[in-house]
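# Breakdown of the fold
Residues per chain, in single letters:
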Amino acid sequence: MEYYLVKWKGWPDSTNTWEPLQNLKCPLLLQQFSNDKHNFLSQVNKGKAITLKDNNKALKPAIAEYIVKKAKQRIALQRWQDELNRRKSHKGLIFVENNIDLEGPPSDFYYINEYKPAPGISLVNEVTFGCSCTDCFCEKCCPAEAGVLLAYNKNQQIKIPPGTPIYECNSRCQCGPDCLNRVVQKGTQHSLCIFRTSNGCGWGVKTLVKIKRMSFVMEYVGEVITSEEAERRGQLYDNKGITYLFDLDYESDEFTVDAARYGNISHFVNHSCDPNLQVFNVFIDNLDTRLPRIALFSTRTIKAGEELTFDYQMKGSGDISSDSIDYSPSKKRIRTVCKCGALTCRGYLN
(Lines give C-alpha, C1' and ligand atoms only; values in the text may rest on other atoms or scores of the structure.)
Protein backbone atom coordinates (compact mmCIF):
# COMPACT_ATOMS: atom_id res chain seq x y z
CA MET A 1 0.00 0.00 0.00
CA GLU A 2 1.20 3.53 -0.82
CA TYR A 3 1.58 6.01 2.01
CA TYR A 4 2.08 9.75 1.72
CA LEU A 5 3.87 11.95 4.23
CA VAL A 6 1.44 14.76 5.06
CA LYS A 7 2.34 18.23 6.37
CA TRP A 8 -0.75 19.52 8.14
CA LYS A 9 -1.62 23.16 7.57
CA GLY A 10 -0.99 25.26 10.67
CA TRP A 11 0.88 22.46 12.46
CA PRO A 12 4.67 22.00 12.90
CA ASP A 13 6.67 19.36 11.04
CA SER A 14 6.82 17.26 14.22
CA THR A 15 3.13 16.45 13.71
CA ASN A 16 3.56 15.17 10.13
CA THR A 17 1.89 11.81 9.56
CA TRP A 18 2.01 9.01 7.00
CA GLU A 19 -1.43 8.50 5.42
CA PRO A 20 -2.81 5.96 2.94
CA LEU A 21 -4.29 7.28 -0.27
CA GLN A 22 -7.89 6.72 0.83
CA ASN A 23 -7.38 9.17 3.72
CA LEU A 24 -6.39 12.01 1.43
CA LYS A 25 -9.18 14.33 0.27
CA CYS A 26 -6.96 16.68 -1.73
CA PRO A 27 -7.07 15.74 -5.43
CA LEU A 28 -5.35 18.98 -6.54
CA LEU A 29 -2.37 18.42 -4.23
CA LEU A 30 -2.09 14.79 -5.37
CA GLN A 31 -2.16 15.89 -9.01
CA GLN A 32 0.56 18.47 -8.32
CA PHE A 33 2.61 15.79 -6.53
CA SER A 34 2.32 13.49 -9.54
CA ASN A 35 3.13 16.29 -12.01
CA ASP A 36 6.18 17.40 -10.04
CA LYS A 37 7.47 13.83 -9.88
CA HIS A 38 6.93 13.44 -13.64
CA ASN A 39 8.69 16.73 -14.40
CA PHE A 40 11.68 15.84 -12.25
CA LEU A 41 12.08 12.43 -13.88
CA SER A 42 11.71 14.02 -17.32
CA GLN A 43 14.56 16.45 -16.57
CA VAL A 44 16.82 13.78 -15.11
CA ASN A 45 16.18 11.33 -17.93
CA LYS A 46 16.44 13.74 -20.86
CA GLY A 47 17.35 11.74 -23.92
CA LYS A 48 16.69 8.44 -22.16
CA ALA A 49 13.72 6.12 -22.11
CA ILE A 50 11.55 7.20 -19.19
CA THR A 51 9.63 4.85 -16.97
CA LEU A 52 7.39 6.52 -14.45
CA LYS A 53 6.76 3.28 -12.65
CA ASP A 54 8.67 3.40 -9.40
CA ASN A 55 9.20 -0.05 -7.94
CA ASN A 56 11.24 1.25 -5.01
CA LYS A 57 9.65 1.19 -1.59
CA ALA A 58 10.41 4.88 -1.13
CA LEU A 59 10.97 7.94 -3.29
CA LYS A 60 14.60 8.67 -3.99
CA PRO A 61 15.85 11.58 -1.85
CA ALA A 62 16.48 13.78 -4.90
CA ILE A 63 12.89 13.35 -6.07
CA ALA A 64 11.48 14.00 -2.61
CA GLU A 65 13.66 17.10 -2.23
CA TYR A 66 12.50 18.47 -5.58
CA ILE A 67 8.82 17.87 -4.77
CA VAL A 68 9.15 19.66 -1.41
CA LYS A 69 11.00 22.61 -3.01
CA LYS A 70 8.37 22.83 -5.76
CA ALA A 71 5.57 22.80 -3.19
CA LYS A 72 7.23 25.58 -1.19
CA GLN A 73 7.80 27.56 -4.38
CA ARG A 74 4.15 27.17 -5.34
CA ILE A 75 3.07 28.55 -1.95
CA ALA A 76 5.52 31.47 -2.21
CA LEU A 77 4.35 32.36 -5.75
CA GLN A 78 0.69 32.19 -4.67
CA ARG A 79 1.40 34.56 -1.78
CA TRP A 80 3.23 36.91 -4.15
CA GLN A 81 0.35 36.76 -6.63
CA ASP A 82 -2.08 37.66 -3.84
CA GLU A 83 0.14 40.56 -2.78
CA LEU A 84 0.40 41.91 -6.35
CA ASN A 85 -3.38 41.86 -6.70
CA ARG A 86 -3.80 43.65 -3.36
CA ARG A 87 -1.38 46.38 -4.42
CA LYS A 88 -2.55 46.95 -8.00
CA SER A 89 -5.11 49.67 -8.62
CA HIS A 90 -6.29 48.54 -12.07
CA LYS A 91 -9.09 46.24 -13.18
CA GLY A 92 -7.01 43.49 -14.83
CA LEU A 93 -5.91 40.61 -12.60
CA ILE A 94 -2.28 39.49 -12.24
CA PHE A 95 -1.36 35.80 -12.24
CA VAL A 96 2.03 34.19 -11.60
CA GLU A 97 3.27 30.94 -13.15
CA ASN A 98 6.55 29.02 -13.11
CA ASN A 99 6.59 25.65 -14.86
CA ILE A 100 10.28 25.92 -15.77
CA ASP A 101 12.49 25.99 -12.66
CA LEU A 102 12.52 26.56 -8.90
CA GLU A 103 12.88 30.37 -9.04
CA GLY A 104 10.62 32.11 -6.52
CA PRO A 105 9.38 35.70 -6.22
CA PRO A 106 12.00 38.45 -6.66
CA SER A 107 13.42 39.45 -3.28
CA ASP A 108 13.89 43.19 -3.87
CA PHE A 109 10.95 44.34 -5.98
CA TYR A 110 8.10 46.57 -4.81
CA TYR A 111 4.89 46.95 -6.82
CA ILE A 112 3.74 50.53 -7.44
CA ASN A 113 0.96 51.97 -9.60
CA GLU A 114 2.47 55.33 -10.51
CA TYR A 115 5.79 57.13 -10.71
CA LYS A 116 7.79 57.25 -7.48
CA PRO A 117 9.99 60.37 -7.37
CA ALA A 118 13.51 59.97 -6.03
CA PRO A 119 14.56 62.36 -3.23
CA GLY A 120 14.87 65.92 -4.56
CA ILE A 121 12.47 65.39 -7.49
CA SER A 122 8.94 66.82 -7.42
CA LEU A 123 6.17 65.44 -9.59
CA VAL A 124 3.59 67.88 -8.24
CA ASN A 125 2.54 69.96 -11.22
CA GLU A 126 -1.23 69.77 -11.11
CA VAL A 127 -3.18 70.78 -14.17
CA THR A 128 -5.00 74.09 -13.75
CA PHE A 129 -7.64 73.79 -16.44
CA GLY A 130 -9.84 71.18 -18.10
CA CYS A 131 -12.41 70.84 -20.82
CA SER A 132 -16.11 71.63 -20.45
CA CYS A 133 -17.21 69.25 -23.22
CA THR A 134 -20.44 67.31 -23.18
CA ASP A 135 -19.01 65.05 -25.92
CA CYS A 136 -15.20 65.10 -26.01
CA PHE A 137 -15.17 63.08 -29.23
CA CYS A 138 -16.93 65.83 -31.18
CA GLU A 139 -15.93 69.06 -29.43
CA LYS A 140 -12.70 70.99 -29.01
CA CYS A 141 -11.17 69.01 -26.17
CA CYS A 142 -7.84 68.72 -24.30
CA PRO A 143 -5.82 67.42 -27.29
CA ALA A 144 -6.95 70.36 -29.46
CA GLU A 145 -5.98 72.79 -26.69
CA ALA A 146 -2.51 71.20 -26.74
CA GLY A 147 -2.33 71.45 -30.52
CA VAL A 148 -2.56 67.72 -31.25
CA LEU A 149 -5.20 65.28 -32.49
CA LEU A 150 -7.47 63.21 -30.25
CA ALA A 151 -5.58 59.95 -29.81
CA TYR A 152 -8.46 57.46 -29.82
CA ASN A 153 -11.31 56.28 -32.02
CA LYS A 154 -14.76 55.45 -30.66
CA ASN A 155 -13.53 51.99 -29.62
CA GLN A 156 -10.77 53.65 -27.57
CA GLN A 157 -8.10 52.25 -29.90
CA ILE A 158 -5.18 54.52 -30.65
CA LYS A 159 -5.32 56.13 -34.10
CA ILE A 160 -2.35 58.52 -34.02
CA PRO A 161 1.13 57.57 -35.32
CA PRO A 162 3.97 56.73 -32.92
CA GLY A 163 5.75 59.86 -31.74
CA THR A 164 2.55 61.87 -31.38
CA PRO A 165 1.78 62.68 -27.73
CA ILE A 166 -1.49 61.64 -26.09
CA TYR A 167 -3.40 64.28 -24.14
CA GLU A 168 -6.20 62.72 -22.10
CA CYS A 169 -8.95 64.49 -20.16
CA ASN A 170 -7.89 65.25 -16.61
CA SER A 171 -9.25 65.77 -13.10
CA ARG A 172 -10.33 69.34 -13.95
CA CYS A 173 -12.42 68.28 -16.94
CA GLN A 174 -16.19 68.28 -16.63
CA CYS A 175 -16.65 65.09 -18.67
CA GLY A 176 -17.38 61.92 -16.71
CA PRO A 177 -15.42 58.69 -16.19
CA ASP A 178 -16.96 57.15 -19.33
CA CYS A 179 -15.39 59.79 -21.57
CA LEU A 180 -13.72 58.20 -24.62
CA ASN A 181 -10.61 60.27 -23.93
CA ARG A 182 -9.89 58.51 -20.62
CA VAL A 183 -7.95 55.34 -21.37
CA VAL A 184 -4.44 55.17 -19.88
CA GLN A 185 -5.63 56.70 -16.60
CA LYS A 186 -7.96 53.72 -16.05
CA GLY A 187 -5.04 51.32 -15.93
CA THR A 188 -4.63 47.81 -17.33
CA GLN A 189 -7.99 46.24 -18.21
CA HIS A 190 -6.62 42.86 -19.31
CA SER A 191 -5.73 39.91 -17.08
CA LEU A 192 -2.00 39.25 -17.46
CA CYS A 193 0.38 36.55 -16.24
CA ILE A 194 3.97 36.87 -15.05
CA PHE A 195 5.54 33.62 -16.19
CA ARG A 196 8.95 31.97 -16.28
CA THR A 197 10.23 31.81 -19.86
CA SER A 198 11.82 28.71 -21.36
CA ASN A 199 14.40 30.58 -23.48
CA GLY A 200 16.60 31.88 -20.67
CA CYS A 201 15.01 35.33 -20.50
CA GLY A 202 13.89 34.92 -16.88
CA TRP A 203 10.43 36.22 -16.13
CA GLY A 204 8.13 37.45 -18.89
CA VAL A 205 4.53 38.64 -19.23
CA LYS A 206 1.81 37.03 -21.33
CA THR A 207 -1.80 37.98 -21.84
CA LEU A 208 -4.52 35.59 -20.74
CA VAL A 209 -7.10 37.20 -23.03
CA LYS A 210 -7.16 38.36 -26.63
CA ILE A 211 -6.02 41.97 -27.00
CA LYS A 212 -7.28 43.94 -30.01
CA ARG A 213 -4.79 45.85 -32.13
CA MET A 214 -3.97 49.43 -31.13
CA SER A 215 -5.35 48.88 -27.61
CA PHE A 216 -3.84 50.19 -24.38
CA VAL A 217 -2.12 47.39 -22.47
CA MET A 218 -0.10 48.87 -19.58
CA GLU A 219 1.97 51.79 -18.32
CA TYR A 220 5.71 51.69 -17.71
CA VAL A 221 6.21 53.02 -14.18
CA GLY A 222 9.11 53.11 -11.77
CA GLU A 223 11.32 55.46 -9.79
CA VAL A 224 11.89 58.84 -11.47
CA ILE A 225 15.57 59.78 -11.20
CA THR A 226 17.88 62.35 -12.80
CA SER A 227 19.77 61.48 -15.97
CA GLU A 228 23.03 61.73 -14.00
CA GLU A 229 21.83 59.14 -11.49
CA ALA A 230 20.60 56.99 -14.39
CA GLU A 231 24.10 57.04 -15.87
CA ARG A 232 25.54 55.80 -12.59
CA ARG A 233 22.94 53.07 -12.14
CA GLY A 234 23.21 52.08 -15.79
CA GLN A 235 26.85 51.12 -15.30
CA LEU A 236 25.86 48.84 -12.40
CA TYR A 237 22.95 47.29 -14.30
CA ASP A 238 25.13 46.61 -17.35
CA ASN A 239 27.52 44.62 -15.19
CA LYS A 240 24.56 42.49 -14.07
CA GLY A 241 23.15 42.19 -17.60
CA ILE A 242 19.83 43.81 -16.69
CA THR A 243 17.99 46.72 -18.34
CA TYR A 244 15.29 48.73 -16.58
CA LEU A 245 16.08 52.38 -17.39
CA PHE A 246 13.77 54.34 -19.69
CA ASP A 247 14.70 57.91 -20.61
CA LEU A 248 11.90 60.49 -20.47
CA ASP A 249 13.18 62.33 -23.51
CA TYR A 250 9.97 63.65 -25.10
CA GLU A 251 11.34 67.22 -25.15
CA SER A 252 14.33 67.19 -22.81
CA ASP A 253 16.58 64.58 -21.26
CA GLU A 254 16.49 65.52 -17.57
CA PHE A 255 14.76 62.48 -16.11
CA THR A 256 14.74 58.69 -16.42
CA VAL A 257 12.36 56.01 -15.13
CA ASP A 258 14.11 53.19 -13.26
CA ALA A 259 11.84 50.14 -12.87
CA ALA A 260 14.49 47.86 -11.38
CA ARG A 261 13.33 48.01 -7.76
CA TYR A 262 10.02 49.87 -7.94
CA GLY A 263 7.61 49.15 -10.78
CA ASN A 264 4.46 47.47 -11.98
CA ILE A 265 3.92 44.46 -14.23
CA SER A 266 5.87 46.19 -17.02
CA HIS A 267 9.02 45.45 -14.97
CA PHE A 268 8.73 41.85 -16.21
CA VAL A 269 8.03 42.55 -19.91
CA ASN A 270 10.88 41.30 -22.09
CA HIS A 271 12.54 42.97 -25.06
CA SER A 272 11.97 41.98 -28.67
CA CYS A 273 13.40 43.45 -31.85
CA ASP A 274 9.99 42.64 -33.38
CA PRO A 275 7.65 43.64 -30.52
CA ASN A 276 3.88 43.59 -30.21
CA LEU A 277 3.77 46.71 -28.00
CA GLN A 278 4.50 50.33 -28.98
CA VAL A 279 5.57 53.20 -26.71
CA PHE A 280 3.60 56.48 -26.45
CA ASN A 281 4.06 59.60 -24.31
CA VAL A 282 0.96 60.52 -22.32
CA PHE A 283 -0.07 63.70 -20.48
CA ILE A 284 -3.04 63.75 -18.08
CA ASP A 285 -2.84 65.63 -14.77
CA ASN A 286 0.81 66.61 -15.12
CA LEU A 287 1.48 68.63 -18.28
CA ASP A 288 5.22 69.06 -17.61
CA THR A 289 6.74 67.93 -20.92
CA ARG A 290 9.82 66.72 -19.05
CA LEU A 291 7.70 64.11 -17.26
CA PRO A 292 5.41 62.27 -19.68
CA ARG A 293 3.77 59.04 -18.62
CA ILE A 294 4.86 56.06 -20.73
CA ALA A 295 2.06 53.91 -22.15
CA LEU A 296 2.35 50.65 -24.09
CA PHE A 297 -0.22 49.92 -26.83
CA SER A 298 -0.62 46.78 -28.92
CA THR A 299 0.67 47.04 -32.48
CA ARG A 300 -1.46 44.14 -33.70
CA THR A 301 -4.00 41.62 -32.41
CA ILE A 302 -2.37 39.61 -29.62
CA LYS A 303 -3.71 36.12 -28.94
CA ALA A 304 -4.46 34.77 -25.47
CA GLY A 305 -1.33 33.07 -24.12
CA GLU A 306 1.05 35.16 -26.25
CA GLU A 307 4.02 36.87 -24.61
CA LEU A 308 4.01 40.68 -24.52
CA THR A 309 7.19 42.46 -25.62
CA PHE A 310 8.43 45.94 -26.48
CA ASP A 311 11.63 47.23 -28.00
CA TYR A 312 13.97 48.44 -25.23
CA GLN A 313 15.52 50.88 -27.69
CA MET A 314 12.20 52.46 -28.65
CA LYS A 315 11.71 56.08 -27.69
CA GLY A 316 8.42 57.82 -26.95
CA SER A 317 9.02 59.71 -30.19
CA GLY A 318 8.49 56.42 -32.01
CA ASP A 319 12.11 56.24 -33.15
CA ILE A 320 14.53 53.42 -32.47
CA SER A 321 17.43 54.90 -30.58
CA SER A 322 20.39 53.41 -28.81
CA ASP A 323 20.08 56.00 -26.05
CA SER A 324 16.45 55.36 -25.09
CA ILE A 325 16.95 52.66 -22.53
CA ASP A 326 19.97 52.07 -20.37
CA TYR A 327 22.57 53.48 -22.73
CA SER A 328 24.61 56.65 -22.86
CA PRO A 329 26.69 57.62 -25.89
CA SER A 330 29.14 59.45 -23.63
CA LYS A 331 30.49 56.28 -22.01
CA LYS A 332 31.38 52.85 -23.29
CA ARG A 333 28.88 50.33 -21.97
CA ILE A 334 28.93 46.58 -21.65
CA ARG A 335 26.60 45.27 -24.35
CA THR A 336 23.80 42.89 -23.36
CA VAL A 337 23.13 40.07 -25.81
CA CYS A 338 19.54 39.88 -27.13
CA LYS A 339 17.70 36.54 -26.91
CA CYS A 340 14.44 37.57 -28.59
CA GLY A 341 14.88 35.20 -31.54
CA ALA A 342 13.17 37.56 -34.02
CA LEU A 343 14.19 37.40 -37.67
CA THR A 344 15.04 41.11 -37.41
CA CYS A 345 17.06 40.68 -34.18
CA ARG A 346 19.78 43.32 -33.82
CA GLY A 347 21.86 41.05 -31.57
CA TYR A 348 22.03 43.37 -28.52
CA LEU A 349 19.63 45.10 -26.12
CA ASN A 350 21.73 48.27 -26.02
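Residues numbered from 1 in each chain as written. Predicted model: local features only at pLDDT ≥ 70, side-chain atom pairs only at ≥ 80, totals over all residues. Heavy atoms only, no water.

Per an unreviewed UniProt entry, the protein chain carries the name Histone-lysine N-methyltransferase SUV39H2 and comes from Echinops telfairi.

### Observations regarding the environment of Val205
Along the chain, the position of Val205 falls in strand β8 (residues 203-207). The class for Val205 is buried, based on a relative accessible area of 0%. (Helix = DSSP H or I, 4+ residues; strand = E, 2+ residues; numbered from the N terminus. Buried < 20%, exposed > 50% of the residue type's maximum accessible area, 1.4 Å probe, protein only.)

### Remarks on the sheet that holds strand β14 (residues 277-283)
Taken in spatial order, the four strands line up as β6-β14-β15-β9 in an open sheet, and their pairing is mixed. The open sheet has two edge strands, β6 (166-167) and β9 (216-220), and neither has a second partner. Pairing geometry for β14 and strand β15 (residues 293-298), over six bridges, is antiparallel. Paired with Leu277 across the two strands is Ser298, which belongs to β15. (Pairing = 2+ DSSP bridges.)

### Points about the packing of aromatic side chains
In the structure shown here, the tally under the stated rule is 14 aromatic pairs. When the ring of Phe310 is compared with that of Tyr312, the centres are 5.2 Å apart and the planes differ by 50°; the resulting orientation is tilted. On the basis of relative accessible area, Tyr312 is assigned to the buried category, the value being 9%. Joined through ring pairs, the aromatic side chains of Trp80, Phe109, Trp203 and Phe268 make up one cluster. For the cation-ring pair, Lys116 lies above Tyr262, with the distance from its terminal atom to the ring centre recorded as 4.9 Å. Above the plane of the ring of Trp203 lies Arg196, whose end atom (NZ or CZ) is 5.1 Å from the centre. (Phe/Tyr/Trp six-rings, centres within 6.5 Å; stacked < 30°, edge-to-face > 60°. Lys NZ or Arg CZ within 6 Å of the ring centre and 35° of its normal.)

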